[in-house]
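Reading the structure
This is what each chain is made of:
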Amino acid sequence: MKILVNEKPQEIATGSMVSDAARLYKNNADLFIRNGFPCGQDVKLEDGDRLVLIKKGEMPKREELEHLLMARHTPGVHERLKSATVGIAGCGGLGSTAAVALARAGIGKLIIADFDVVEPSNLNRQQYFVEHIGQPKVEALKEIILKANPFAEVECHQVRITPANVSQLFNAADVIVEAFDLADQKLMLAEAVQKQMPDKPLVIGNGMAGWGDNNLLKTRQVGRIYICGDEISEAGPGMGLMAPRVGMAACMEANQVLEILLGPDPRIRSFIEQDKQSTLNMNKAKGERC
Amino acid sequence: MLKVNGQDHPWHPGLTVAQLLKEKNYIFHAIIVRVNDKYAPGEDYDKTAINDGDDVQAIHLITGG
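Residues numbered from 1 in each chain as written. Chains lettered and ligands numbered in written order. Predicted model: local features only at pLDDT ≥ 70, side-chain atom pairs only at ≥ 80, totals over all residues. Heavy atoms only, no water.

1. Considerations on the overall build of chain A
Per the secondary structure count, chain A includes nine helices and 12 strands. Here chain A holds 290 residues, and 47% of them are scored as buried. A fraction of 64% describes how many contacts in chain A between residues 6 or more apart in sequence connect residues 24 or more apart. Accessible surface, chain A as shown: approximately 14500 Å² in total, 54% of it carbon and sulfur. (Helix = DSSP H or I, 4+ residues; strand = E, 2+ residues; numbered from the N terminus. Buried < 20%, exposed > 50% of the residue type's maximum accessible area, 1.4 Å probe, protein only. Contact = heavy atoms within 4.5 Å. Areas by Shrake-Rupley, 256 points an atom, 1.4 Å probe, with all protein chains shown as cover.)

As structure tokens, then:
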């Protein structure tokens, strides 16, 4: 049967176990990931399986690093994300966090734009480190992204985003992430995208100041605009911004980007359906969810 | 009757986006309006007519990020 071992197609005897594959292809492996999930050595392999063999603590060669980084992805997903381009408008609390999440998810190309430099008050919620203070945000963010995923392509623009350069900056993007701080800037981008690129999906972060109230954050779709946040908690004097809640909104934006690129996750949908059925049938044998 | 962000709102002849925003007390300036899934530019609010049964979505953009 045919399987993929560390992304290389291999022919292995039907009925082989993970331990057999490890012996053949990576004798010292001590972590085995089959179809995106860690398993033991005594698991039987099936035709078409995707097996990743890792030796913990060993620095992989560059040519095999990329698929090891993506070993926990659902099979087939990385290839689709690798060909995608995402534009990030603003590299502050929303943009830096969304960009890092998308790079870790394996998005092939990120176009990041921000005119500003890193200053100390950014560090309470943005991905930068003390050593980055004074550096252009786009340069610092590129460095952080490439540390997490050296295979991402990062296109930096240290410019102020205006209606005059929006299409030039982001025309090549499959999706644009709005990641500004100020409402006027959010408005400028939303208006420009709708006028100049009405079919381009735009994901907006809207309302994430303060702390707590996890469950107020949600996503609302209006045409090709996706709004992530609670839509009420506005930052202003006496109302601060903090890493957890801004990060939640940023990761909701990144997560929405994945859904736009990949479609809804069919496995999550089937879990929801199973859950409904189990409640309807009172199927105790399958176990009840709390 | 029309819908504004999924909620019923009474319609009357001559209703425009500008008038509707006033009736809803949507006085904040950073707002995006879509009528029947079509973008209504801010500079045209006075001229953009709203018909009976229209579906209006308003996004009120707020600071933070």
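Having seen it, we continue.
2. Things to note about the domain arrangement of chain A
Residues and elements named next belong to chain A. Per the domain assignment, the segments of chain A are domain 1 (2–68) and domain 2 (78–262). Computed over C-alpha atoms only, the centres of domain 1 and domain 2 are separated by 35 Å. The interface of domain 1 with domain 2 comprises five residues on the first partner and five residues on the second. Summed over both sides, the interface between domain 1 and domain 2 buries roughly 490 Å², with carbon and sulfur atoms accounting for 51% of that surface. One can count two salt bridges joining domain 1 with domain 2. Among the salt bridges present, the one from Glu79 reaches Arg50, with a minimum N-O distance of 2.7 Å. (Domains from an automatic or database assignment. Buried area = accessible area lost by both parts, 1.4 Å probe. Salt bridge = Lys/Arg side-chain N within 4 Å of Asp/Glu carboxyl O.)

3. Re the side chain of Asp54 of chain B
Note on placement: Asp54 of chain B falls in the loop between strand S4 (38–40) and strand S5 (55–60). The contacts of Asp54 of chain B, once residues within four sequence positions are left out, are Leu2, Lys3, Val35, Asn36 and Ala49 of chain B.

4. A few points about the interface of chain A and chain B
At the interface, 30 residues of chain A touch 20 residues of chain B. A combined buried area of about 2000 Å² lies between chain A and chain B, and 56% of that area is made up of carbon and sulfur atoms. For chain A, the biggest contributors to the area lost against chain B are Leu187, Gln194 and Val222 of chain A; these three give 24% of the whole. Where chain A touches chain B, the interface holds one salt bridge. In this structure, the salt-bridge partner of Glu43 of chain B is Lys195 of chain A, at a minimum N-O distance of 2.8 Å. Seen at the junction of chain A and chain B, the total is 15 residue pairs in polar contact (both at pLDDT 80 or more). Considering only residue class, the side of chain A that touches chain B consists of 15 nonpolar, six polar and nine charged. (Polar contact = N/O pair within 3.5 Å; in protein donor to acceptor, adjacent residues only side chain to side chain. Nonpolar A, V, L, I, M, F, W, Y, C, P; charged D, E, K, R; others polar.)

5. Observations concerning the packing of helix H4 (residues 93–105) of chain A against helix H5 (residues 137–148) of chain A
All names here are of chain A. In the contact formed by H4 and H5, the axes pass within 9 Å of each other and the chain directions differ by 25 degrees. When the axes of H4 and H5 are compared, the pair comes out roughly parallel. Crossing geometry of H4 relative to H5 is assigned as right-handed. Touching Gly95, Ser96, Ala99, Val100, Ala103 and Arg104 of H4 are Leu141, Ile144, Ile145 and Ala148, all from H5. (Axes fitted to C-alpha atoms, helices over the stretch in contact; angles between N-to-C directions. Parallel < 35°, antiparallel > 145°, perpendicular 65-115°, else oblique. Left-handed = near helix turned anticlockwise from the far one by under 90°.)

6. A closer look at the pairing of strand S5 (residues 50–54) of chain A
All names here are of chain A. For S5, the tally of buried residues reaches five of five residues, placing the bulk of the element in the interior. In S5, alternate side chains face the same way, and those of Arg50, Val52 and Ile54 on one face and Leu51 and Leu53 on the other are all buried. Of the pairings in the sheet, the one linking strand S1 (residues 2–5) to S5 comprises two bridges and is parallel in character. Residue Leu4 lies in a different strand from S5, and its bridge partner there is Arg50. Bridge count for strand S3 (residues 31–34) against S5 is four bridges, and the pairing is antiparallel. Paired with Leu31 across the strands is Ile54, a residue of S5. (Pairing = 2+ DSSP bridges.)

7. Focus: the pattern of salt bridges
Residue and element names in this part refer to chain A. Counted under the stated rule, the structure contains 23 salt bridges over all chains. Between Glu178 and Lys186 there is a salt bridge, with the nearest N and O atoms lying 3.3 Å from each other. The class for Glu178 is buried, based on a relative accessible area of 0%. Between Arg269 and Glu259 there is a salt bridge; the shortest N-O distance is 3.9 Å. In this pair, Arg269 sits in helix H9 (residues 266–281) while Glu259 sits in helix H8 (residues 243–262), placing the two residues 10 residues apart along the sequence. Judged by relative accessible area, Arg269 falls into the partly exposed class, the value being 47%. Judged by its relative accessible area of 35%, Glu259 falls in the partly exposed class. One connected set of salt bridges, linked through shared partners, spans Glu7, Arg50 and Glu79.

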